[in-house]
Amino acid sequence: MQIIESAEEYDVCIVGSGAGGGMAAHELTKAGANVLMLEAGGWFDSEDFAMFNWPYESPRRGGPTRRQPFGEFDACFGGWDIEGEPYTTTEGTEFDWFRGRMLGGRTNHWGRISLRFGPDDFRARSKDGMGDDWPISYQDVKPYYDRLDRLIGIFGTNEGIPNAPGGIYMDPPEPRCYEHLIKDACDDMDIPCIPSRLSILTEPHNGRAACHYCGQCNRSCSTHSNFSSPSVLLPPALETGNLEIINNAMVREVTYEDGKATGVSYVNKENGKEYKVKSKVVVLAASACESARLLLNSKSSDFPNGLANSSGVVGKYLMDSTGTSVMGLIPDLMNMPAHNEDGTGGMHLYIPWWKDNSNLDFARGYHVELWGGRGMPSYGFMGGIQNYNDLFQDGPKRSGGYGKELKDDYRCYYGSMVGFSGRGESIAYEDNYCEIDPDMVDEWGIPVLRFNYNWSDQEYKQVKHMQETFRNIIDEMGGEAMGDMPSKEDGYGITNPGQIIHEVGTTRMGDDPKKSVLNEYCQAHDVDNLFVTDGGSFVSQPHKNPTWTIMALSMRASEYIVDQMEKRNL
Ligand SMILES: Cc1cc2nc3c(=O)[nH]c(=O)nc-3n(C[C@H](O)[C@H](O)[C@H](O)COP(=O)(O)OP(=O)(O)OC[C@H]3O[C@@H](n4cnc5c(N)ncnc54)[C@H](O)[C@@H]3O)c2cc1C
Ligand code: SF4
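These numbers were taken from a predicted model, which means no experiment stands behind them.

**Student:** Describe a nonpolar patch on the surface, with residues and values.
**Tutor:** Residues Trp-54, Tyr-56 and Met-376 make up a contiguous nonpolar surface patch of roughly 350 Å² in combined accessible area. Note on placement: Trp-54 falls in the loop between strand S2 (35-38) and strand S3 (78-79). For Trp-54, a relative accessible area of 45% corresponds to the partly exposed category.

Dropping the structure here:
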């Protein structure tokens, strides 16, 4: 096989252009480093995307395709099932792996829920004896959260909740009608319901326009009013003249010689040719499981079990958030007159964790994401009105049929549903892992991942609590929950591992090189010029969505790389 080697040696080679890679590129190029970024997906610019298309403009009405599983107007190229890129699971276990394949990865269509971890999240083992503590504290990460808030822009409110620390926020948008009703019910039940914290601009910021409330954030944003790596991080990095991006470059492995990473090898997906590039530092930010895969596939006589894996920990302690949802019909919201529900493409209120675990039968907590209202109708709108008759046997109105009656039914129910989705903390277990499948390779001959993941009793009990709580809130609102409470045999409706798309933890940080892969700066214990700046470094996965912390840690690691390069330690 012919391998095309480039003569140039870059200061840093970054694999992946999403949250972790985009932030590293931003920080390193600003500091003057000469950076090469390799991205397995194609180029993407949200200004060219279908932000303002009506569903009727497409024969598919915006319905999903294999390449765009959330619909053809959704700014997500990738998904659970990517052609030519399979993965497997061990018998009897489940894991669903969602991957983005485009410049910016999954930051183009994520929910922008941007929560800081709290002080207790970094020392959870000290409090309840489960999992492990992080080698760093909230105070170590706080300055980077502050810098992120200022750089990117985020709305929210400072509520003084100790383990849900506030930040440097723009004013939040007004709650919508259904959100007011949820909040009223929560107030009566002593459940906090507060403005959400989303990285969406409610005022102009750093040359980007304020959100104009079109509600289509999942389509990315052609005015760059929400956060994505190609909207916010990559343009200023490119402007420095220090960043080169190669798209459609599927990295195969990290190359290594005499104790140092020397660069990476990759396949050009367009011409199928193999390339090698050299760099003084390698930063993996291909997403937690993909970075573990790269390390496990990079074998040498020094590291027969994969690069930087003398501990045997690479791929282990994989975590995803727990999740379950309940939807309810609220009669007060039926037959609503037309009214203005404009807003961002995300929730304007959310429920932070509010309980004391000493009174509960499970550890850690969850937050609640709220949904409802009158989104733009498109493919699969309201799931077929005739089905409402079965869902609500004694429902307020029989529905289905033809013509005017059918239209009236849709008008009656449109916007009358509210939904609650719990996102909870799972415990890090060594037995939840990804490894290389010895029998399968992808389209380019690269060995694929095999997952092994099981929920424990703790996660099932937590999700039972979510289900009961959501049903109680719907009750308090005078509504009716859709579907019966799921049984223990049905796992109380818990989602499959991986489905919440918060997978982290496969290259965990720690002080002990025998029990962890990275140190507190996301630097490999075994190979000092190798860093992992995606969610791989997480020691625990608090219920807060991970991306704000991925970026804060990537910023911190990048600052450390610059410092070490200046001292000629790398
Ligand atoms: C629908 C959805 C909603 C979400 N909502 C939220 C939310 O509200 N809040 C939150 O915190 N998180 C959310 N997330 C999760 C969030 O998107 C991820 O946590 C975040 O994007 C992870 O960043 P990353 O840099 O690790 O990976 P990614 O953003 O996925 O970027 C990784 C990049 O690496 C590239 N890559 C992979 N392998 C290779 C290779 N071998 N060679 C070269 N390039 C490679 C990929 O193509 C990709 O572009 C959501 C995700 C989805 C899908
Ligand atoms: S709701 Fe705001 S941030 Fe979202 S796509 Fe529309 S303008 Fe952009």
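**Student:** Talk me through the site of ligand 1; I want residue IDs and the actual numbers.
**Tutor:** Near ligand 1, the surroundings consist of 35 residues, among which Glu-39, Arg-106, Gly-111, Glu-290 and Thr-547 are the closest. In the model, a nitrogen atom of ligand 1 is placed 2.8 Å from a nitrogen or oxygen of the Thr-547 side chain. Taken by itself ligand 1 offers 990 Å² of open surface, and the protein chains cover 94% of this. Elements with a contribution of two residues or more to the shell around ligand 1: helix H1 (19-30), strand S8 (249-257) and helix H10 (547-566). In terms of residue count, S8 provides more of the shell around ligand 1 than any other element does, three residues in total.

**Student:** Could you give an account of a negative patch on the surface, naming the residues involved and the relevant values?
**Tutor:** The grouping of Asp-184, Asp-188, Asp-190, Asp-475 and Glu-476 at the surface amounts to a negative patch. Where the negative patch is concerned, the elements lending two or more residues are helix H4 (177-188) and helix H9 (457-476). Of note, Asp-475 is situated in helix H9. The exposure class of Asp-475 is exposed, given its relative accessible area of 56%.

**Student:** So, the site of ligand 2: which residues are in play, and what are the values?
**Tutor:** Close to ligand 2 lie 16 residues; Cys-211, Cys-214, Gly-215, Cys-217 and Cys-221 are nearest. Assessed atom by atom at 2 Å from the grid points, ligand 2 resides in the largest cavity. Residues that form the shell around ligand 2 fall into these classes: seven nonpolar, nine polar and no charged.

**Student:** Please provide a residue-by-residue account of the nonpolar core, values included.
**Tutor:** Within the largest apolar cluster, 103 residues are counted, with the highest numbers of intra-cluster contacts made by Phe-420 and Leu-530. Among the elements that make up this core, the one with the highest residue count is H10 (seven residues). Those residues in contact with Phe-420, other than ones at most four positions away along the chain, are Ile-182, Thr-324, Ser-325, Val-326, Val-368, Glu-369, Leu-370, Trp-371, Phe-470, Ile-473, Ile-474 and Met-477. In terms of nonpolar packing, the next biggest core, distinct from the first, is built from 24 residues, Val-35, Met-37, Ala-75 and Ala-237 among them.

**Student:** Requested: an account of helix H8 (residues 403-413), with residues and values cited.
**Tutor:** Where H8 is concerned, the buried positions are Asp-409, Cys-412 and Tyr-413. Taken down its axis, H8 places every buried residue within 80 degrees of arc, on the same side. Across H8 from its buried face, at more than 90 degrees, point the exposed residues Lys-404, Lys-407 and Arg-411. Directly after H8, the chain includes Gly-415, whose backbone phi takes a positive value near 85 degrees.

**Student:** Can you explain the packing of H1 against helix H5 (residues 229-239)? Please cite residues and give values.
**Tutor:** It is the contact of H1 with H5, at a shortest axis distance of 8 Å, that shows an interaxial angle of 25 degrees. Between H1 and H5, the angle is such that the two are roughly parallel. Of the two possible hands of crossing, H1 and H5 adopt the one that is left-handed. Contact with H1, carried on its side by Ala-19, Gly-22, Met-23, Ala-25, His-26, Thr-29 and Lys-30, involves Ser-229, Leu-233, Leu-234, Pro-236 and Ala-237 of H5 and no other residues of that element. Grouping the amino acids of the contact of H1 with H5 by side-chain chemistry returns seven nonpolar, four polar and one charged.

**Student:** Lay out the side chain of Asp-11 in plain terms, naming residues and giving numbers.
**Tutor:** Locating Asp-11 in the fold gives a position in strand S1 (residues 3-15). When its relative accessible area of 17% is taken as the criterion, Asp-11 is described as buried. Within the structure, Asp-11 has its side chain in polar contact with the backbone nitrogen of Asn-34 (distance 2.8 Å). If sequence neighbours within four positions are ignored, Asp-11 has contacts with Gly-32, Ala-33, Asn-34, Ser-279, Lys-280, Val-281 and Met-565.

**Student:** Describe empty space enclosed by the protein, with residues and values.
**Tutor:** Here the structure, examined in full by the defined rule, presents three cavities of 30 Å³ or more. One number sums up the size of the largest cavity: a volume of about 90 Å³. In terms of lining residues, the largest cavity is bounded by 16 residues, among which Met-51, Cys-211, Cys-214, Cys-217 and Cys-221 are the most central.

**Student:** Any chance you could break down the layout of surface pockets for me, citing the residues and the numbers?
**Tutor:** Taken as a whole, the second largest pocket holds about 530 Å³ of empty space. Of the residues contributing to the lining of the second largest pocket, the split by class is eight nonpolar, four polar and nine charged.

**Student:** Tell me about unusual backbone geometry, and name the residues and values.
**Tutor:** One non-glycine residue, Arg-61, lies in positive phi territory at about 55 degrees. Examined against the element boundaries, Arg-61 turns out to sit in the loop between S2 and S3. Classification of Arg-61 by relative accessible area gives partly exposed; the value is 41%. The phi torsion at Arg-112 lies on the positive side, around 60 degrees, for a residue other than glycine. Counting through the fold element by element, Arg-112 comes out in the loop between strand S5 (99-100) and helix H2 (124-128). Judged by its relative accessible area of 0%, Arg-112 falls in the buried class.

**Student:** Can you explain the pattern of salt bridges? Please cite residues and give values.
**Tutor:** Scanning the entire structure with this criterion turns up 33 salt bridges. Residue Lys-183 is joined to Asp-187 by a salt bridge in which the shortest nitrogen-to-oxygen separation is 3.2 Å. Here Lys-183 pairs with Asp-187, and both are found in helix H4, just four residues apart, close to one helical turn. The exposure class of Lys-183 is partly exposed, given its relative accessible area of 28%. Residues Glu-435 and Arg-450 are paired through a salt bridge, measuring 2.8 Å at the closest nitrogen-oxygen approach. Remark: Arg-450 occurs in strand S16 (residues 447-452) and Glu-435 occurs in strand S15 (residues 433-441); sequence separation between them is 15 residues. Given the relative accessible area of 23%, Glu-435 is considered partly exposed. Each of Glu-85, Arg-99, Arg-101, Glu-290, Arg-293 and Asp-442 takes part in salt bridges that share partners, so that together they form one network.

How each quantity is defined
Residues numbered from 1 in each chain as written. Chains lettered and ligands numbered in written order. Predicted model: local features only at pLDDT ≥ 70, side-chain atom pairs only at ≥ 80, totals over all residues. Heavy atoms only, no water. Patch = residues over 30% accessible without salt bridge, like charges linked within 9 Å, V, L, I, M, F, W, Y side chains within 5 Å. Areas by Shrake-Rupley, 256 points an atom, 1.4 Å probe, with all protein chains shown as cover. Salt bridge = Lys/Arg side-chain N within 4 Å of Asp/Glu carboxyl O. Helix = DSSP H or I, 4+ residues; strand = E, 2+ residues; numbered from the N terminus. Buried < 20%, exposed > 50% of the residue type's maximum accessible area, 1.4 Å probe, protein only. Near = heavy atom within 4 Å. Polar contact = N/O pair within 3.5 Å; in protein donor to acceptor, adjacent residues only side chain to side chain. Lys, Arg positive; Asp, Glu negative; His and termini not counted. Charge placed at Lys NZ, Arg CZ, Asp CG, Glu CD. 1 Å grid on protein atoms, 1.4 Å probe; cavity = no way out; pocket = protein on both sides within 12 Å on 5 of 7 lines; lining within 4 Å. Sits in = over half its atoms within 2 Å of the grid points. Nonpolar A, V, L, I, M, F, W, Y, C, P; charged D, E, K, R; others polar. Core = buried A, V, L, I, M, F, W, Y, C linked by side-chain atoms within 4.5 Å. Contact = heavy atoms within 4.5 Å. Arc of directions from axis to C-beta. Axes fitted to C-alpha atoms, helices over the stretch in contact; angles between N-to-C directions. Parallel < 35°, antiparallel > 145°, perpendicular 65-115°, else oblique. Left-handed = near helix turned anticlockwise from the far one by under 90°. Points joined across faces, edges and corners; volume = space filled by probe spheres on them.

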